[in-house]
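Understanding the architecture of this molecule
Spelled out from the first residue to the last, the chains are:
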Amino acid sequence: MLEKWYSQGTLTNPAAGTILADTGPLQTSGVYRVTCVATSSVAATVSVEHRDSGNANTLEAIGISVPVGGTVSFDVPVRISSGERIRAVLSSAITGTITVTLCISRVHSWIL
């Protein structure tokens, strides 16, 4: 699978709970490499979440802190079943700008 990028772009003064990036349902089960890049004009906390196929529950989450005027990036492998998704959500409202991008690529398949 080729890498795909997901982002809502640069958001100004977003509220708590704003979805900053969302892959939508991933159709193919497997182990995915998730790369997250976040940049913000002010200090911000983002939750990167692995969601179930109904998008009702968070299965796993990683909290990241973005410093003032800073950029944070990380890679993490995630085992995803068909229909599940990865999304990034702003934990607290900010007065400033923030951009979060998710890059997803399937690196291994497995038999369920």
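Above: the structure in question.
Residues numbered from 1 in each chain as written. Predicted model: local features only at pLDDT ≥ 70, side-chain atom pairs only at ≥ 80, totals over all residues. Heavy atoms only, no water.

The next thing to look at is the environment of S73. Counting through the fold element by element, S73 comes out in strand β7 (residues 71-80). Given a relative accessible area of 53%, S73 falls into the exposed group. Spatially, the C-alpha atom of S73 lies 19 Å from that of V31, the residues being 42 residues apart in sequence. Among residues more than four places away in sequence, those in contact with S73 are C36 and V37. (Helix = DSSP H or I, 4+ residues; strand = E, 2+ residues; numbered from the N terminus. Buried < 20%, exposed > 50% of the residue type's maximum accessible area, 1.4 Å probe, protein only. Contact = heavy atoms within 4.5 Å.)

Time to look at the side chain of H50. Within the fold, H50 resides in strand β5 (residues 44-51). On the basis of relative accessible area, H50 is assigned to the buried category, the value being 6%. H50 has contacts with N57, T58, L59, E60, V78, R79, I80, E84, R85 and I86, leaving out every residue within four places of it along the chain.

Function-wise, these values are silent; they only describe arrangement.
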